[in-house]
Amino acid sequence: MAICPECDAEIEVDEFDVDKGDELSCPECGSNLEVTSLSPLELEVAPDDDDEEDDDVVDEDEDEAADDEDEEDEEREDGDIEE
């Protein structure tokens, strides 16, 4: 038996059917949970992979925009581009 860290509901989990790092959801509140310990069985709220992937895409776009601005600044300093 494990406890949901979000809603404190008891979750029936067979300790022999899960491994550390496995993810499951709470039947009461629907939170995605990760097995963080097997003895005793402990669960934590799983990180949202979707949010992390979205952040990575935004960061890459921001990096490309910053690189483009740096190149334009260097060209202006060299006199290659007239303002």
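Residues numbered from 1 in each chain as written. Predicted model: local features only at pLDDT ≥ 70, side-chain atom pairs only at ≥ 80, totals over all residues. Heavy atoms only, no water.

1. Brief notes about the side chain of Ser 31
Piece 1. With respect to the secondary-structure elements, Ser 31 resides in the loop between strand E3 (23-25) and strand E4 (32-38).
Piece 2. The contact partners of Ser 31, leaving out residues within four places of it in the chain, are Glu 6, Leu 24, Ser 25 and Cys 26. (Helix = DSSP H or I, 4+ residues; strand = E, 2+ residues; numbered from the N terminus. Contact = heavy atoms within 4.5 Å.)

2. As for the environment of Ala 9
Piece 1. Turning to its location among the elements, Ala 9 is positioned in the loop between strand E1 (2-3) and strand E2 (10-11).
Piece 2. Note: C-alpha distance between Ala 9 and Pro 27 (18 residues apart in sequence) is 8.6 Å.
Piece 3. Residues contacting Ala 9, with those up to four places away along its chain left out, are Ala 2, Ile 3, Cys 4, Cys 26 and Glu 28.

3. Side note on the pairing of strand E5 (residues 41-45)
Piece 1. With 5 bridges connecting them, E4 and E5 associate as antiparallel partners. Following the sheet pairing, Glu 34 is matched in E5 by Glu 44.
Piece 2. Here E4 folds back onto E5, and the loop between the two strands holds 2 residues. (Pairing = 2+ DSSP bridges.)

4. Observations concerning a negative patch on the surface
Piece 1. Residues Glu 12, Asp 14, Glu 15 and Asp 17 make up a contiguous surface patch of negative charge.
Piece 2. On the secondary structure map, Asp 17 appears in the loop between E2 and E3. (Patch = residues over 30% accessible without salt bridge, like charges linked within 9 Å, V, L, I, M, F, W, Y side chains within 5 Å. Areas by Shrake-Rupley, 256 points an atom, 1.4 Å probe, with all protein chains shown as cover. Salt bridge = Lys/Arg side-chain N within 4 Å of Asp/Glu carboxyl O. Lys, Arg positive; Asp, Glu negative; His and termini not counted. Charge placed at Lys NZ, Arg CZ, Asp CG, Glu CD.)

5. What to know about the side chain of Ser 37
Piece 1. The topology assignment puts Ser 37 in strand E4.
Piece 2. Of the residues examined, Ser 37 reaches a relative accessible area of 18% and is grouped as buried.
Piece 3. In this structure the side chain of Ser 37 is engaged in a polar contact, spanning 2.9 Å, whose partner is the backbone oxygen of Pro 40. (Buried < 20%, exposed > 50% of the residue type's maximum accessible area, 1.4 Å probe, protein only. Polar contact = N/O pair within 3.5 Å; in protein donor to acceptor, adjacent residues only side chain to side chain.)

6. Considering the sheet that holds E4
Piece 1. Spatial strand order, E3-E4-E5: 3 strands in an open sheet with antiparallel pairing. Two strands close off the open sheet at either side, each with one partner strand: E3 and E5. Strand-to-strand, the axes of this sheet are offset by a mean angle of 45 degrees, without reference to chain direction. (Axes fitted to C-alpha atoms, helices over the stretch in contact; angles between N-to-C directions.)

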